[in-house]
Amino acid sequence: MTGFRWEIISEYAPLFVQGAIMTIQCTIICVILGTSWGLLLGLGRMARADDGPWKHILRFAVQWPVRVYVSAFRGTPLFVQIMVVHFALVPLFINPRDGILVANGLMSSDFARMLRSDYGAFLSCVVAITLNAGAYVSEIFRAGIQSIDSGQMEASRALGMGWGKTMRKVILPQAFRRILPPLGNNAIAIVKDSSLASAIGLADLAYAARTVSGAYATYWEPYLTISLVYWVLTFLLSLLVQHMEKRFGKSDSR
């Protein structure tokens, strides 16, 4: 094995920088959207009524669809989901000729064409990872919310607070402190999973490494470089999560 050729990395340094920026952008957007979507799914999974017509409506129209959704996205590979979203779901909505949004007049064909050509891979990556992350985050939120003593909900309702206000002001803040570590692990997983989108042409770190390896017929330098960058990103993200844990821990001890 020959030595590490730094000239290859220096020549393609702008490409690696652009790839790192793209990876960070995808991670931030997917973490925010995936967490929000997961919270909605988690609340839907727990939606129930003790009696009346809403008991069956919530069970069969909300709980079971959410269960099927979570099972499907947790039980299939993310790579396959990215492919389905990119080659089937996204064209279904924004195809310049007969996409649903274009056909209904919600988007012009020129804008749809520009969106597909310039941001198609990015959009598919965000949608696929968000849908996938939401399935995992929903279970995290469900476990966190169920870990809170049910007496707190009953006490809040007895004080006149509605279900939504109780969940927002009492239950979720406590649950968030408990589920912060698994949420951090999920964010770290998103950083690494975003590399799968290079298969559909997303110009991220993995795409940069594949470009360099194809140009020089070498794999040691480019893939070792992006491995280091991925490690730095996940290490910094883990430090951020640890900082948030300590900060919330101080507020709990007061």
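See the structure above.
First, a word on scope: everything that follows refers to the structure included in this document. (Residues numbered from 1 in each chain as written. Predicted model: local features only at pLDDT ≥ 70, side-chain atom pairs only at ≥ 80, totals over all residues. Heavy atoms only, no water.)

1. As for the overall build of the protein
Along the backbone of the protein there are 10 helices and 0 strands. Counting from the amino terminus, helix and strand elements in the protein follow one another as α-α-α-α-α-α-α-α-α-α. Oriented by its inertia axes, the alpha-carbon framework of the protein measures out at about 70 × 55 × 30 Å. Across the 254 residues in the protein, those meeting the buried criterion constitute 39%. Sequence separation of 24 or more characterises 71% of the internal contacts of the protein that already satisfy a separation of 6 or more. Summed over all atoms, the accessible surface of the protein reaches about 14,500 Å², with 63% contributed by carbon and sulfur. (Helix = DSSP H or I, 4+ residues; strand = E, 2+ residues; numbered from the N terminus. Buried < 20%, exposed > 50% of the residue type's maximum accessible area, 1.4 Å probe, protein only. Contact = heavy atoms within 4.5 Å. Areas by Shrake-Rupley, 256 points an atom, 1.4 Å probe, with all protein chains shown as cover.)

2. Considerations on unusual backbone geometry
Residues other than glycine seldom take positive phi values, yet Ala217 does so here, at roughly 55°. Examined against the element boundaries, Ala217 turns out to sit in the loop between α9 (205-216) and α10 (220-253).

3. Things to note about a nonpolar patch on the surface
Side chains of Leu228, Trp231, Val232, Phe235, Leu236 and Leu239 sit close together on the surface and give an oily, nonpolar patch of about 580 Å² of accessible area. By the secondary structure assignment, Val232 is in helix α10. (Patch = residues over 30% accessible without salt bridge, like charges linked within 9 Å, V, L, I, M, F, W, Y side chains within 5 Å. Salt bridge = Lys/Arg side-chain N within 4 Å of Asp/Glu carboxyl O.)

4. Thoughts on the packing of aromatic side chains
As enumerated under the stated definition, the model contains 5 aromatic pairs in all. With centroids separated by 6.1 Å and ring planes inclined at 85°, the aromatic side chains of Tyr12 and Tyr216 adopt a geometry described as edge-to-face. Taken as a pair, Tyr12 in the loop between α1 (6-11) and α2 (13-46) and Tyr216 in helix α9 lie far apart in primary sequence, 204 residues in all. Judged by relative accessible area, which is 31%, Tyr216 ranks as partly exposed. Here Tyr219 and Tyr223 contribute two aromatic rings whose centre-to-centre distance is 6.1 Å and whose plane-to-plane angle is 25°, an arrangement assigned as stacked. Site record: aromatic cluster; members linked through ring pairs are Trp37, Tyr69 and Phe73. Directly above the aromatic system of Trp64 lies the positively charged group of Arg67, at a separation of 4.9 Å from the ring centroid. (Phe/Tyr/Trp six-rings, centres within 6.5 Å; stacked < 30°, edge-to-face > 60°. Lys NZ or Arg CZ within 6 Å of the ring centre and 35° of its normal.)

5. Concerning the packing of α2 against helix α3 (residues 53-74)
The N-to-C vectors of α2 and α3 enclose an angle of 130°; their axes lie 7 Å apart at closest approach. Here α3 runs oblique to α2, going by the angle between their axes. The way α2 lies across α3 gives a crossing that is left-handed. Taking contact as the criterion, the partners of Trp37, Leu41, Gly44, Arg45 and Met46 in α2 are, on α3, Val62, Gln63, Val66, Arg67 and Tyr69. (Axes fitted to C-alpha atoms, helices over the stretch in contact; angles between N-to-C directions. Parallel < 35°, antiparallel > 145°, perpendicular 65-115°, else oblique. Left-handed = near helix turned anticlockwise from the far one by under 90°.)

6. Describing the environment of Lys169
Here Lys169 is to be found in helix α8 (residues 163-193). A C-alpha to C-alpha distance of 40 Å links Lys169 and Leu115, two positions 54 residues apart in sequence.

7. Overview of the nonpolar core
In this structure, Cys125, Ile129 and Leu202 are the most contacted members of the largest nonpolar core, which totals 21 residues. For this core, the secondary-structure elements that each account for two or more residues are α2, α4 (78-94) and α6 (109-146). At 8 residues, α6 tops the list of elements feeding residues into this core. Ile8, Ala20, Val191 and Leu237 belong to the second largest nonpolar core, which has 16 residues in total. (Core = buried A, V, L, I, M, F, W, Y, C linked by side-chain atoms within 4.5 Å.)

8. Observations regarding the environment of Ile8
Summarising the element assignment, Ile8 is placed in helix α1. Separated by 208 residues in the primary sequence, Ile8 and Tyr216 place their C-alpha atoms 8.2 Å from one another. Residues within four places of Ile8 in sequence aside, it is in contact with Val212, Tyr216, Thr218 and Glu221.

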